[in-house]
Structures are given as structure tokens and as C-alpha cells.
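# Structural characterization, general
The chain contents come next:
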Amino acid sequence: MSYYFAIIGTQDNPLFEYEFGTSKQGGDGQARFSEQARHLNQFVLHSSLDIVEEVQWANGQLYLKVIDKFFNNYISCFMTGGNVKFLLLHQPTATAAGATRNSTSVGANPTSPQTEEALKNFFNEVYENYVKAIMSPFYKVNMEIRSPVFRQRVAAAGRKYL
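- Per an unreviewed UniProt entry, the recorded name for the protein is Trafficking protein particle complex subunit 2, and the organism is Parathielavia hyrcaniae.

## Some thoughts on the confidence of the model for the protein
- In this model, the protein carries an average pLDDT of 84, and 83% of its residues clear a pLDDT of 70 or more.
- Between residues 95-102, whose pLDDT stays under 50, and residues either more than four places distant or in other chains, the model counts ten contacts.

## As for helix H1 (residues 35-47)
- Over its 13 residues, H1 runs 19 Å from end to end, which matches the ideal 18 Å to within 8%, given 1.5 Å per residue.
- By the largest-angle criterion, Asn 41 marks the main kink of H1, which is about 35°.
- Close packing links the buried residues of H1 with strand E1 (2-8), strand E2 (14-21), helix H2 (49-58), strand E3 (63-70), strand E4 (73-79) and strand E5 (85-91).

## Regarding the pairing of E4
- The element E4 is largely enclosed, with a buried count of seven among its seven residues.
- Going residue by residue along E4, you find Asn 73, Ile 75, Cys 77 and Met 79 tucked away on one face and Tyr 74, Ser 76 and Phe 78 tucked away on the opposite face as well.
- In this structure, E3 lies alongside E4, joined through six bridges in antiparallel fashion. Following the sheet pairing, Tyr 63 is matched in E4 by Phe 78.
- Hairpin connection, E3 to E4: the antiparallel pair is bridged by two residues, and Phe 71 has positive phi, about 50°.
- When E4 meets E5, the two strands line up antiparallel, connected through six bridges. Each bridged residue has a counterpart across the sheet, and for Cys 77 the counterpart in E5 is Leu 87.
- In sequence, E4 turns back onto E5 through a hairpin of five residues, with Asn 83 there showing a positive phi of about 65°.

## Section: a nonpolar patch on the surface
- Residues Leu 40, Phe 43, Phe 70 and Phe 71 make up a contiguous nonpolar surface patch of about 450 Å² in total accessible area.
- According to the relative accessible area criterion, Phe 71 is exposed, its value standing at 69%.

## A short note on the pattern of salt bridges
- Taken as a whole and judged by the stated rule, the model has three salt bridges.
- Lys 85 is the salt-bridge partner of Asp 12, the closest N and O atoms lying 3.9 Å from each other. Here Asp 12 is found in the loop between E1 and E2, whereas its partner Lys 85 is found in strand E5, with 73 residues between them in sequence.
- Residue Glu 144 is joined to Arg 146 by a salt bridge in which the shortest nitrogen-to-oxygen separation is 3.8 Å.
- Residue classification places Glu 144 among the partly exposed residues on the basis of a relative accessible area of 42%.
- Given a relative accessible area of 66%, Arg 146 falls into the exposed group.

## As for the packing of aromatic side chains
- With the rule as written, the count across this model stands at 16 aromatic pairs.
- Taken together, a centroid distance of 5.4 Å and an interplanar angle of 25° make the contact between Tyr 18 and Phe 20 stacked. Taken as a pair, Tyr 18 and Phe 20 share a single burial class, namely buried.
- With a centroid separation of 5.7 Å and an interplanar angle of 35°, the aromatic rings of Phe 78 and Phe 86 are classed as tilted.

Definitions and cut-offs
- Residues numbered from 1 in each chain as written.
- Predicted model: local features only at pLDDT ≥ 70, side-chain atom pairs only at ≥ 80, totals over all residues.
- Heavy atoms only, no water.
- pLDDT = per-residue confidence, 0-100.
- Contact = heavy atoms within 4.5 Å.
- Helix = DSSP H or I, 4+ residues; strand = E, 2+ residues; numbered from the N terminus.
- Expected span 1.5 Å × (residues − 1).
- Bend = angle between axes of the 7 residues up to and from the residue.
- Buried < 20%, exposed > 50% of the residue type's maximum accessible area, 1.4 Å probe, protein only.
- Pairing = 2+ DSSP bridges.
- Patch = residues over 30% accessible without salt bridge, like charges linked within 9 Å, V, L, I, M, F, W, Y side chains within 5 Å.
- Areas by Shrake-Rupley, 256 points an atom, 1.4 Å probe, with all protein chains shown as cover.
- Salt bridge = Lys/Arg side-chain N within 4 Å of Asp/Glu carboxyl O.
- Phe/Tyr/Trp six-rings, centres within 6.5 Å; stacked < 30°, edge-to-face > 60°.

The following block contains the structure:
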């Protein structure tokens, strides 16, 4: 399974982007997006922001689960209290997409309870690290996050949960 993670600021500007693959079940952690899909990832995530704004008022939770589907790409969302959006585009692998929907592996069924729990744990850990990053006295609201430590911690959370 391939993942594209982005943090979108309050003015719908990208604050952080990271692309990675699954590390579970023998995965090497490398994203397997095609070159054409790689260019569309940012567009697909930003196009789902309208749906996020509709769902956020109907649902009182911070974790909004899978909010959109674009072909074989699923978009999950986590909102912060400050209206910053964590968006994760996840694309099942070709073998996982053809697998039975009863499989319990995270990559086989993007909408299964096990996958939802893994995504929620990933978002919560990234949120904790995000709060630590923005508490820096040098950080300004809606400024891009360039910290290599933050990038490493997002990668570690991806390896741990996804």
C-alpha cells in the first residue's frame, strides 16, 4: 500500500508533505505510486477539502475516517482544534485490491476496522509530534514545517502503524 500524507493549513496551504509505502507484511516502506499518479496526489487531496468542510460540521470528532474515494485512492482526514487538516491518501496495492474484502491486513481493505484503527493511531501520533513542532518559538502560524526531526517522526509513525 502506498501513502501520501499532507498537512493543510488554515488557509488551505500545504504545510508538510510526505510520501511513503507500507512497512508491514514484508513491505519496504517505499511508495509505489505511478509517475502520473504522483503528480495527481496533491490535486486529489486538495479536491477533497470541500468534503472535509462539509463533514467537519456534521461530525463532532477530530478523526473523520475515510471521507473520499478517487478511483482506487482513499482519503482519510484528521482535524486539529485549530482547523489544520491532516490528509492521508492511501492506495491499496494491486494484489491487495484484488484480495477478498474479509482480509484483516491493513493493505487489503482500506475501510476495515483494523485499517481505521491503524490510521487513527497514525494520525494521533503525528498530531502529538505536530503540536511539539509548532510549539517552537520560531514557528509562525501556517508556516511550512521543514524540521527533519518532524519528518523522521512521521516516517516512524508510518512504519509503526501502516
